[in-house]
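In case you want the letters, here they are:
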Amino acid sequence: MRCTFAWPALLVFSILNCGEAESDPANNSPEVTLVSPNGGEFAPTQTVSWRARDKDKDDVLSIELELLILDENDEVQSSEVIATDLENTLEIESTTYDWQRDDVALVNGAGDPIRYAIRITATDLAGNTASDESDEAFTLLDAGALDNLDWDDVQPIFVRYCKRCHSEPAASPGIEYFRLDKYNAKDPAPPTNDEQGVFEMRESVARQLLQLGSMPPFGNNQPSDLDKMRIQNWLDDGAPFSAE
Ligand code: HEC
């Protein structure tokens, strides 16, 4: 806080106020929530994101991110600071960090995926801290894991999130002309019929699922960001049945 002096009436008040502001600018502890990663798999292009706030409106938070290695019982085995002194003013409530994880191991000596978590710690100007961790362990995806996807890679996502309403029979007569549990009109997935599949519907699927976010309808189970990235990449490649 800046010290300003108004002469003469407010002088004494200003000095007191200024002194107090400098020695103790923040009485309330920050609040911080790690939004992502929170379990599952983490892609190279995903970012660490969080929400942080503080009731003291002029406060500025300093953010530290640590990478934790967990054992199979979710006990922390080791930790390493991956970012420190990230400034988080309170105007930006939702913040992300582009974690470059090129030299972080994906698997352990036995070849099993390493279970990671992120811990975030926010410290305010007065030194009050708050922290949060990933709700569940996550594993890291290989740099190329989202490239060259084919129908086998994305079909489970359509089956899980769309089949309920977009299969045979469809949820309503107006959408009976296509199915999202099969590849195209020639795909003989039972019950066999010549309805269009995801391939013919790909532009509409991109619009509803990726651009508008209107499918699946609000209130239904939603695919993760990672699943949406998979579908996005597959569509960008021309929605191939089998990739090279
Ligand atoms: C709870 C049922 C339900 C689920 C789950 C659902 N949809 Fe839909 N979808 C509908 C209904 C009903 C319509 C037609 C009315 C409308 O547009 O709201 C529709 C319309 C669509 C359309 C537009 C069709 C056209 O004629 O252009 C697309 C594309 C679509 N859905 C894709 C998806 C995808 C992709 C998923 C899964 C990721 C999904 N939907 C999940 C019920 C559902």
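For the structure, check the block above.
Residues numbered from 1 in each chain as written. Predicted model: local features only at pLDDT ≥ 70, side-chain atom pairs only at ≥ 80, totals over all residues. Heavy atoms only, no water.

Trainee: Would you mind going over unusual backbone geometry in detail, with residue names and values included?
Mentor: Cis geometry is found at the peptide bond from Glu168 to Pro169, where omega equals 5°. The step from Met215 to Pro216 runs through a cis peptide bond, and the omega angle for that step is -10°. Checked against the element boundaries, Pro216 lands in the loop between helix H3 (202-211) and helix H4 (225-236). For Asp85, which is not glycine, the phi dihedral falls at a positive 60°. Among the secondary structure elements, Asp85 is positioned in strand S5 (residues 76-89). (Helix = DSSP H or I, 4+ residues; strand = E, 2+ residues; numbered from the N terminus.)

Trainee: I'd like to hear about the site of the ligand, residue by residue, with values.
Mentor: In the vicinity of the ligand there are 18 residues, among which Cys162, Cys165, His166, Tyr177 and Met215 approach most closely. The element best represented in the shell around the ligand is H3, accounting for four residues. Among the residues forming the shell around the ligand, the class breakdown is 13 nonpolar, four polar and one charged. (Near = heavy atom within 4 Å. Nonpolar A, V, L, I, M, F, W, Y, C, P; charged D, E, K, R; others polar.)

Trainee: Help me get a handle on the packing of aromatic side chains, residues and values and all.
Mentor: Tallied over the entire structure, the rule returns eleven aromatic pairs. Clustering of aromatic rings is evident, with ring pairs tying together Trp151, Phe158, Tyr183, Phe199, Trp234 and Phe241. (Phe/Tyr/Trp six-rings, centres within 6.5 Å; stacked < 30°, edge-to-face > 60°.)

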